[in-house]
Amino acid sequence: MSITTERSGDGSELTIRIEGRFDFSSHQAFRHAYEGEGQGISQYVIDMRDTTYLDSSALGMLLLLRDYAGGEKADVRIVNCNGDVRRILTVSNFEQLFQIDD
């Protein structure tokens, strides 16, 4: 499991890339990825191109990020999901809470 971050040129967008399994063992690294970047971020992009698995704790971590980013007003996108990850997000009704792009 690896989590990396990248800020846009103007600093307003933070991309968090998750490689491998996204589960409870990722909790600290994922939280640090968005809390450790400081202020001024208005958009969050979760890139799951290399995510092979996610469990219920990962879903909870995404909800915590959404709350951190502003709740209902949050601009959080989940992108590049493989079929299995997309199915889990769909079954969990995350499409109602996040913009999900394949």
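For clarity, every value in this text was computed on a predicted model and none was experimentally measured.

J.: Whenever I open this one, the environment of His27 confuses me. Can you help?
T.: In this fold, His27 is placed in helix α1 (residues 27-35). Sequence separation of His27 and Gly60 is 33 residues, and the distance between their C-alpha atoms is 9.6 Å. For His27, the residues in contact, after removing those within four places along its chain, are Met61 and Leu64.

J.: Teacher, can you tell me more about the pattern of salt bridges here?
T.: Any two side chains of opposite charge can pair, on the condition that their charged atoms come close. For the structure on display, the rule yields 9 salt bridges. Linking Arg31 and Glu35 is a salt bridge whose minimum nitrogen-to-oxygen distance equals 3.0 Å. A residue pair is termed a helical-turn pair when its members lie 3 or 4 positions apart in one helix, as Arg31 and Glu35 do in helix α1 at 4 residues. Judged by relative accessible area, Glu35 falls into the partly exposed class, the value being 35%. Across the salt bridge formed by Asp84 and Arg87, the nearest N and O atoms sit 2.3 Å from each other. Taken together, the residues span about one helical turn, with Asp84 and Arg87 both in helix α3 (residues 83-91) at a distance of 3 residues. In this structure Asp84 comes out as partly exposed when scored by relative accessible area, which is 47%. When salt bridges with common partners are traced through the structure, they connect Glu6, Arg17, Asp47 and Arg49 into a single cluster.

Quick notes on the rules
- Residues numbered from 1 in each chain as written.
- Predicted model: local features only at pLDDT ≥ 70, side-chain atom pairs only at ≥ 80, totals over all residues.
- Heavy atoms only, no water.
- Helix = DSSP H or I, 4+ residues; strand = E, 2+ residues; numbered from the N terminus.
- Contact = heavy atoms within 4.5 Å.
- Salt bridge = Lys/Arg side-chain N within 4 Å of Asp/Glu carboxyl O.
- Buried < 20%, exposed > 50% of the residue type's maximum accessible area, 1.4 Å probe, protein only.

Remember, this is a structural readout, not a statement about activity or role.
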